[in-house]
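Chain residues, written in single-letter form:
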Amino acid sequence: MSALAVALGMGVAVGTAIGFEKIGGYIPCMLCLQQRIPYYVGIPIMVVTLVLALFRFPAVLTRGLLVAGGVLMLYSLYLGSFHAGVEWGWWTGPHDCGVVVAPDTGDGVSGILDAINTIIPPSCDTAALRVLGLSFAGWNAVTSMLLAAVAFRGAFARG
């Protein structure tokens, strides 16, 4: 059932981020979008792990996939911690954060393509919102650490 807990946790975490973007109007920066990738990769892996566990596939396979989910969450922990450090000014972020370079199509199409060029995402060094002292990146780090712990506990549990 660790796979179910991790899959649901991943889904809630990335769903919350997308909800703040789509409903709350918070435009994600480049580092915010990068932090979603481990979730996008991890959710299907955890769903497959759950299916394999339900159909009693060899434990080494399900445990291996749980380890993969845990490693993805450790990577997400790194990304969230790095981004939070950039927001707190502990280190510098990527030089291209907040810069949008739209490809030149050369066809002179106006409308939505011109609108894309006018939208500038926020800089990575500014927290859009802090809740209980943590930004979205900080909460991602906390969530990732908890989900990694659940995945690794499931992978290495006896029995």
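Look a little higher up for the structure.
Cut-offs and rules
Residues numbered from 1 in each chain as written. Predicted model: local features only at pLDDT ≥ 70, side-chain atom pairs only at ≥ 80, totals over all residues. Heavy atoms only, no water. Core = buried A, V, L, I, M, F, W, Y, C linked by side-chain atoms within 4.5 Å. Buried < 20%, exposed > 50% of the residue type's maximum accessible area, 1.4 Å probe, protein only. Helix = DSSP H or I, 4+ residues; strand = E, 2+ residues; numbered from the N terminus. Contact = heavy atoms within 4.5 Å. Expected span 1.5 Å × (residues − 1). Salt bridge = Lys/Arg side-chain N within 4 Å of Asp/Glu carboxyl O.

Draft legend 1. Broad picture of the nonpolar core. Ranked by size, the top nonpolar core spans 14 residues in total, and within it Val6, Met10, Tyr39, Met46, Leu66, Met73 and Leu147 carry the most contacts. When residues of this core are assigned to their parent elements, the largest contribution, five residues, is made by helix H1 (residues 2-22). Excluding anything up to four places from it in sequence, methionine 10 contacts Tyr39, Gly42, Ile43, Met46, Gly69, Met73 and Leu147. By size, the runner-up hydrophobic cluster in this structure holds five residues, among which are Cys29, Leu31, Val86 and Cys97.

Draft legend 2. Structural view of helix H3 (residues 59-88). The end-to-end C-alpha separation of H3 is 43 Å, in line with the 44 Å expected for 30 residues at 1.5 Å each. Of the residues one or two after H3, glycine 89 is the one with positive phi, at around 80°.

Draft legend 3. Examining the side chain of asparagine 140 more closely. Looking at where asparagine 140 falls in the secondary structure, it is placed in helix H5 (residues 136-156). Relative accessible area serves as the criterion here: at 9%, asparagine 140 is assigned to the buried category.

Draft legend 4. Structural context of unusual backbone geometry. The backbone phi angle of arginine 56 is positive, close to 55°, even though this residue is not glycine. Relative to the elements of secondary structure, arginine 56 occurs in the loop between helix H2 (30-54) and H3.

Draft legend 5. Focus on H2. For H2, built from 25 residues, the straight-helix expectation of 36 Å at 1.5 Å per residue is met to within 8% by its first-to-last C-alpha distance of 38 Å. Listed in full, the buried residues belonging to H2 are Leu31, Gln35, Arg36, Pro38, Tyr39, Gly42, Met46, Thr49, Leu50 and Leu52. Residues of H2 that are buried sit in contact with H1, H3 and H5. At the C-terminal side of H2, arginine 56 shows a positive phi close to 55°.

Draft legend 6. Structural detail: the pattern of salt bridges. The tally for this structure, following the rule as stated, stands at two salt bridges. Measuring nitrogen to oxygen at the nearest pair gives 3.7 Å for the salt bridge that ties glutamate 21 to lysine 22. The class for lysine 22 is exposed, based on a relative accessible area of 64%. Linking glutamate 21 and arginine 36 is a salt bridge whose minimum nitrogen-to-oxygen distance equals 2.8 Å. Separated by 15 residues along the polypeptide, glutamate 21 in helix H1 and arginine 36 in helix H2 bring together distant segments of the chain. Here arginine 36 falls in the buried class, since its relative accessible area comes to 9%. Here the residues in one salt-bridge network are Glu21, Lys22 and Arg36, joined through shared partners.

Any link to function would need more than the numbers given here.
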